[in-house]
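# Notes for the structure review
Below are the chains, spelled out letter by letter.
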Amino acid sequence: MTGTPEGNRPATSSSAAALPPPSADPNIGPTLISAEQIAERVSQLGAEITRRYADRPPLLVGVLRGSLVFLTDLMRAIDLPLTIDFIAVSSYGSATRTSGVVRLVKDLEQDLGGRDVILVEDIVDTGLTLRYLRKNLAARGPASLEVCTLLARRSVDVAAQDVTFVGFEIDDDAFVVGYGLDANQRYRNLGHIAAYVGPGQ
Ligand code: 5GP
């Protein structure tokens, strides 16, 4: 999903100016994945995609908004004449985890017919969003459809979910922010991935 599960919302403030910068925010916990580790892994993923898609330049489909930062770095690590597009979904369900119904809130602009599509996700948590998107995109007749996710929960069987490219595995109980991932739309601009330790945990 694109937003934050309700239960993970940080306290809101009446004035954005009163909010501390991310670097001094007490709701940001320990660094789980550093900016350097991310850069190195993104570069590896880019090289792997460049090799595997050499004869069929891919269309990267980013899932807004969480995958935005990842996609912008990843595409620059791919040495192919690729194209990009974006899709946005929202999901409703339990307070602290995405579950229930996934709904399309912004569709792609490009036709997927005959294209080699790589769906770029921020995190595969329960896999619900991924299952919805895979079904939705597969129905549009792409030549191929693979998935590249920055993060996957350790308990997720990525092989069973048919996820080809995984940046990092993370613990099941960590709610993380940064590098595109949010808590109530904040912290996407952190350069690293950190545990969120604010209200709602
Ligand atoms: P799924 O459908 O796989 O259960 O949920 C995937 C979506 O849930 C992600 O795209 C993301 O928006 C949200 N999500 C799941 N875990 C986290 C987390 O630890 N941090 C943040 N910021 N979002 C998460």
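Residues numbered from 1 in each chain as written. Predicted model: local features only at pLDDT ≥ 70, side-chain atom pairs only at ≥ 80, totals over all residues. Heavy atoms only, no water.

Labelled according to an unreviewed UniProt entry, the protein chain appears under the name Hypoxanthine phosphoribosyltransferase, originating from Candidatus Neomicrothrix parvicella RN1. As stated in UniProt under Sequence similarities (unreviewed entry), the record for the protein chain gives "Belongs to the purine/pyrimidine phosphoribosyltransferase family." Quoted verbatim from the Cofactor (unreviewed entry) field of the UniProt record, the comment on the protein chain reads "Mg(2+)". (UniProt positions renumbered as here; feature names shortened; annotations may be inferred.)

### Structural notes on the packing of aromatic side chains
A complete count under the given rule lists 2 aromatic pairs for this structure. Judged by centre distance (6.2 Å) and plane angle (75 degrees), the ring pair of Phe175 and Tyr196 falls under edge-to-face. Of this pair, Phe175 sits in the loop between β7 (165–170) and β8 (176–177) while Tyr196 is found in strand β9 (residues 193–196), placing the two residues 21 residues apart along the sequence. We note that Phe175, like Tyr196, is buried. Seen from their ring centres, Tyr187 and Tyr196 are 6.0 Å apart, and the 40 degrees between their planes marks the pair as tilted. By relative accessible area, which is 3% here, Tyr187 ends up buried. Assessed through its relative accessible area of 3%, Tyr196 is described here as buried. Through a chain of ring-to-ring contacts, the aromatic side chains of Phe175, Tyr187 and Tyr196 assemble into a single cluster. One Lys or Arg, Arg56, reaches over the ring of Tyr53 and ends 4.1 Å from the middle of that ring. (Phe/Tyr/Trp six-rings, centres within 6.5 Å; stacked < 30°, edge-to-face > 60°. Helix = DSSP H or I, 4+ residues; strand = E, 2+ residues; numbered from the N terminus. Buried < 20%, exposed > 50% of the residue type's maximum accessible area, 1.4 Å probe, protein only. Lys NZ or Arg CZ within 6 Å of the ring centre and 35° of its normal.)

### Here's the deal with the side chain of His192
You can see His192 is positioned in the loop between β8 and β9. Only 3.5 Å separates the side chain of His192 from the side chain of Thr31, close enough to count as a polar contact. Residue contacts for His192: discarding those within four places in its chain leaves Thr31, Ile33, Ser34, Ala35, Ile38, Val177, Gly178 and Tyr179. (Polar contact = N/O pair within 3.5 Å; in protein donor to acceptor, adjacent residues only side chain to side chain. Contact = heavy atoms within 4.5 Å.)

### Details of the side chain of Ser144
The residue Ser144 is located in strand β6 (residues 144–153) in this model. When neighbours within four sequence positions are excluded, Ser144 is seen to be in contact with Arg56, Arg115, Asp116 and Val117.

### Things to note about the pattern of salt bridges
The tally for this structure, following the rule as stated, stands at 10 salt bridges. Among the ionic pairs, Arg52 bridges to Glu146, the shortest N-O distance being 3.1 Å. Residue Arg52 is found in helix α1 (residues 35–52), and its partner Glu146 is found in strand β6; the two are separated by 94 residues along the sequence. The class for Glu146 is buried, based on a relative accessible area of 15%. (Salt bridge = Lys/Arg side-chain N within 4 Å of Asp/Glu carboxyl O.)

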